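Architecture and fold: a report
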Amino acid sequence: MRQSRTWFSPGLWVALGVLLSTAVAAQPRAAKVAPAQLPPGTQAFPPEVARALEARLREELEGRLLGGLSVGIVKGDLAWTGGFGFRDLEKRLRATPRTTYRLASITKSFTAICVLQLVEAGTVSLDDDIRKWVPEFPEKPWPVTVRQLLGHLGGVSHYKEPSKENRVTKRMNTAEALGLFKDWPLVVEPGTEFTYTSYGYNLLWALVERASGMPFGKYLQQNVFAPAGMTHAALDDFRTRDAWHAAGYRLTSGGLARSHLLDVSSRFGGGGGRASVVDLLAFGRAVMAHTLVKPETTRMMHVSMETRDGRLTDYGMGFATYPLRGHYVVAHAGGQPETSTFLLLLPAERVVIALETNVEDQADLLKDLYGSLLEVLLEGGSRRRPAHATEPADEVLHEGLFRIFSYGRAFYTNHRAGLGALPEPGDLPGAFAEASRLLSRESIAADPRAAQKLVRQAHHPHAGRLFIRVGVQMAERIASAFGPEALAAYPAEGALPFFEDYLRACEKEKCPAELRFSPAVRADIARLVGPWRKANAPELRTVSLRKVPELPLALETLERVFQAAPVHPDYSEEVLALAKAPRTPPERAMRLLDWALKNHPGSIPTLLARGDAFILAGDTEAAELLYRRAFERPSGPEAMAPEKLLARAKQPQLGLGLLQIAVKLHPGAPALWRALAAREQEVGNTAAAEAALERVRELGELPPPPTDSLQAAPTP
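Residues numbered from 1 in each chain as written. Predicted model: local features only at pLDDT ≥ 70, side-chain atom pairs only at ≥ 80, totals over all residues. Heavy atoms only, no water.

**Looking at the packing of helix α30 (residues 670–682) against helix α31 (residues 686–698)**
Two elements in contact, α30 and α31, have axes separated by 8 Å at closest approach and are oriented at 165°. Considered as vectors, α30 and α31 are oriented roughly antiparallel to each other. With respect to the hand of their crossing, α30 and α31 are arranged in left-handed fashion. Contact residues: Pro 670, Trp 673, Arg 674, Leu 676, Ala 677, Glu 680 and Gln 681 in α30; Thr 686, Ala 688, Ala 689, Ala 692, Leu 693, Arg 695 and Val 696 in α31. When its residues are assigned to classes, the contact of α30 with α31 shows nine nonpolar, two polar and three charged. (Axes fitted to C-alpha atoms, helices over the stretch in contact; angles between N-to-C directions. Helix = DSSP H or I, 4+ residues; strand = E, 2+ residues; numbered from the N terminus. Parallel < 35°, antiparallel > 145°, perpendicular 65-115°, else oblique. Left-handed = near helix turned anticlockwise from the far one by under 90°. Contact = heavy atoms within 4.5 Å. Nonpolar A, V, L, I, M, F, W, Y, C, P; charged D, E, K, R; others polar.)

**A short note on the side chain of Ser 304**
Mapped onto the elements, Ser 304 comes out in the loop between α11 (295–301) and β10 (320–324). Take Ser 304: its relative accessible area is 16%, and that puts it in the buried class. Within the local environment of Ser 304, its side chain forms a polar contact with the backbone nitrogen of Thr 313, the two atoms lying 3.2 Å apart. At a separation of 2.9 Å, a polar atom in the side chain of Ser 304 contacts the main-chain amide nitrogen of Asp 314. Setting aside anything within four residues of it in sequence, one finds Ser 304 in contact with Leu 312, Thr 313, Asp 314, Tyr 315, Gly 316 and Thr 321. (Buried < 20%, exposed > 50% of the residue type's maximum accessible area, 1.4 Å probe, protein only. Polar contact = N/O pair within 3.5 Å; in protein donor to acceptor, adjacent residues only side chain to side chain.)

**Details of the state of the cysteines**
A full pass over the atoms with the stated rule returns one disulfide. Here Cys 506 is linked by a disulfide to Cys 511, with a sulfur-sulfur distance of 2.2 Å. Handedness here is read from the sign of the S-S torsion; for Cys 506 and Cys 511, about 115°, the answer is right-handed. Its relative accessible area of 0% is what places Cys 506 among the buried residues. On the basis of relative accessible area, Cys 511 is assigned to the buried category, the value being 3%. (Disulfide = S-S within 2.5 Å.)

**Brief notes about α31**
An ideal rise of 1.5 Å per residue puts 18 Å on 13 residues; α31 measures up with 18 Å between its terminal C-alpha atoms. Within α31, burial applies to Thr 686, Ala 689, Ala 692, Val 696 and Arg 697. Within α31, the buried residues cover an arc of 150° as seen down the axis, which keeps them to one side. Relative to its buried face, α31 has exposed residues pointing more than 90 degrees away, namely Ala 687 and Glu 698. Here the buried face of α31 lies against α30. With its phi angle positive at about 80°, Gly 700 sits one or two positions after the end of α31. (Expected span 1.5 Å × (residues − 1). Arc of directions from axis to C-beta.)

**Describing the confidence of the model for the protein**
Mean pLDDT for the protein: 91, with 93% of residues reaching 70 or above. In the model, residues 706–716 has pLDDT below 50 throughout and makes nine contacts with residues more than four positions away in sequence or in other chains. (pLDDT = per-residue confidence, 0-100.)

**Section: the nonpolar core**
By size, the foremost hydrophobic cluster in this structure holds 82 residues, and its most contacted members are Leu 150 and Phe 283. Once residues lying within four places of it in the same chain are set aside, the contact partners of Leu 150 are Ala 112, Val 115, Leu 116, Leu 126, Tyr 201, Leu 204, Tyr 315, Gly 316, Met 317 and Gly 318. Core analysis: the next-biggest nonpolar cluster, separate from the first, contains 46 residues, Leu 397, Ala 451, Tyr 490 and Ile 525 among them. (Core = buried A, V, L, I, M, F, W, Y, C linked by side-chain atoms within 4.5 Å.)

**Quick word on the packing of aromatic side chains**
Tallied over the entire structure, the rule returns 22 aromatic pairs. Pairing Phe 110 with Phe 225 gives two aromatic rings, centres 5.4 Å apart and planes at 85°, and the pair type is edge-to-face. Here Phe 110 is found in helix α3 (residues 107–120), whereas its partner Phe 225 is found in helix α8 (residues 216–228), with 115 residues between them in sequence. Ring geometry for Tyr 502 versus Phe 517: centroids 6.2 Å apart, planes at 75°, classification edge-to-face. On the criterion of sequence distance, the pair formed by Tyr 502 in helix α19 (residues 495–509) and Phe 517 in the loop between α19 and α20 (519–535) is long-range, its members being 15 residues apart. Each member of the pair, Tyr 502 as well as Phe 517, carries the same accessibility label: buried. (Phe/Tyr/Trp six-rings, centres within 6.5 Å; stacked < 30°, edge-to-face > 60°.)

**Observations concerning the sheet that holds strand β6 (residues 234–235)**
Strand order in the open sheet formed by three strands is β5-β9-β6, and the pairing between neighbours is antiparallel. Since the sheet does not close on itself, it has two edges, and those belong to β5 (101–104) and β6, each with one partner. Of the strand pairs in this sheet, β6 and strand β9 (residues 273–275) are connected by two bridges, and their pairing is antiparallel. Bridged to Leu 235 within β9 is Gly 273. (Pairing = 2+ DSSP bridges.)

Written out as structure tokens, the structure reads:
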């Protein structure tokens, strides 16, 4: 095993000691709660673990919980469940583990199980044309198979007008639900693109009814819910909701308002279920125990499908599947009127996390919650922060290292648990040579964006699953040299220690020189790993800036640790959250923004936050400089894609200035010009609005104006 290293000077240890003592003193006391309801076959976590889980949840929820939230966690045969906030705000009814919520798209996982049960029975074939079972689905230019629909590769459209389709109030039967979309053309040729679609799962709902001869709800109850021990699960019917069901809310400029009415009988197969977190934990355990389908079927569901040209979709059959910090994840998210949900399985670690809230559009909150819970459950309470690199070349280099680590550890541990096959190793010397070429800092520096694109494609089948093959060999070598338990440390320690220890394992086991990467890559690992270990030391990983009373001391300590470090943990999200907190004085908020920009000069969230501050101050020119700096980072075009800037521009005070900058970054994006025209019109800038609309016309997104001059709206 690796020996511990000490990287701190005595002065830093003194400062850190004060920092840690104040952090411990600030930990909230867990409230006394009644014994939680647990899924069948489990018992409660030890009290100290339950307290740690609840404390971390309360920390994440502070100032963020808007309505009600129910949480369920399983690790092995141990479980914890809890409720926070209110399932009904008006009646002040608290959310509990018993509360049922709409599941939205998590229902797709149930539907997929139903279909695959019928495949196992020999009734249905994965390669059946869906028209064999649903003949009223009109013939398209290409056949659409059951397999393709399960993996969102069938080309069937998702919602075209969500604002209307999420307000359907009519109760529908199967035929009426199919009628909403069946005559639409396919959006792409099946097999060529991943096109997420709830309507595609409506076709699978119809298949289950036709192939089984049973109503969908009855089939689910008999073949999924009852065998899994899901006591309160059902298709969501307003008429059968009990007193424990959560009222749904949406966020408006005036606060929370009741959700718009939606009858989910229009999408029973793709988003029509309801359940409690206890039910979802029971379902997750049943999936991992192969209670519902055979082990080989489960493994097939949990392997990413691929497009015809060899790109992984990160979606199997009814479940998303991807590596997360070196863990092999099987998951599904859900969102619709009344709800936001997330179900996460880590089969190799026997972990299930279920999150349900009765407020719409809470995906970011749920992501933060399950990330924090994994830190407590599997990573010793460490707070996993992304890496920040000052130089663009180091940013891309570290992303490549991280991808090799994450894919390698995830696939190896999943395989070692007997849950998945590994890709054939193939020509390993050639693979390590190619990986070294992609990780060459000299090549990356010549064109960071082009290099990043290659790095992000290196795990795909069309690239020979290069990063997966290399990462698996590294994980296997470390396990051989230091024991399989050594792999447990890296989700908290990061990619650089994984690479450093692989090279140590190679020294110990005398592996061929061809499998040790190039001298240049080894030199870069040596250059980066020392500063990373210092800045990501265990004593710092357990500290939350939100819970440190002596924040100036904490920031001063971190700044000293970061000095001259080419790569270090990125604290910018925590600092930005502190700056945006409701009770933060403006002067303190600006100091926090300045600290974040000084210590994370390449952080896109930091650059945008500082730019937003200039927009609010009326200095659009200064804001544009920061937005351009963010856009020029290797990840800039993706992080600042038109749809993301549009979402950001929904903030009323930012909208106009932000859109004026956005159209300069994306002059060929009609949606941005259209949004700019609307904002200019709102403030009475009629000429500017018409100029923006003219640009939309030039891009072919609007018909030309009538021959007579346009009637300008009166200026207020």
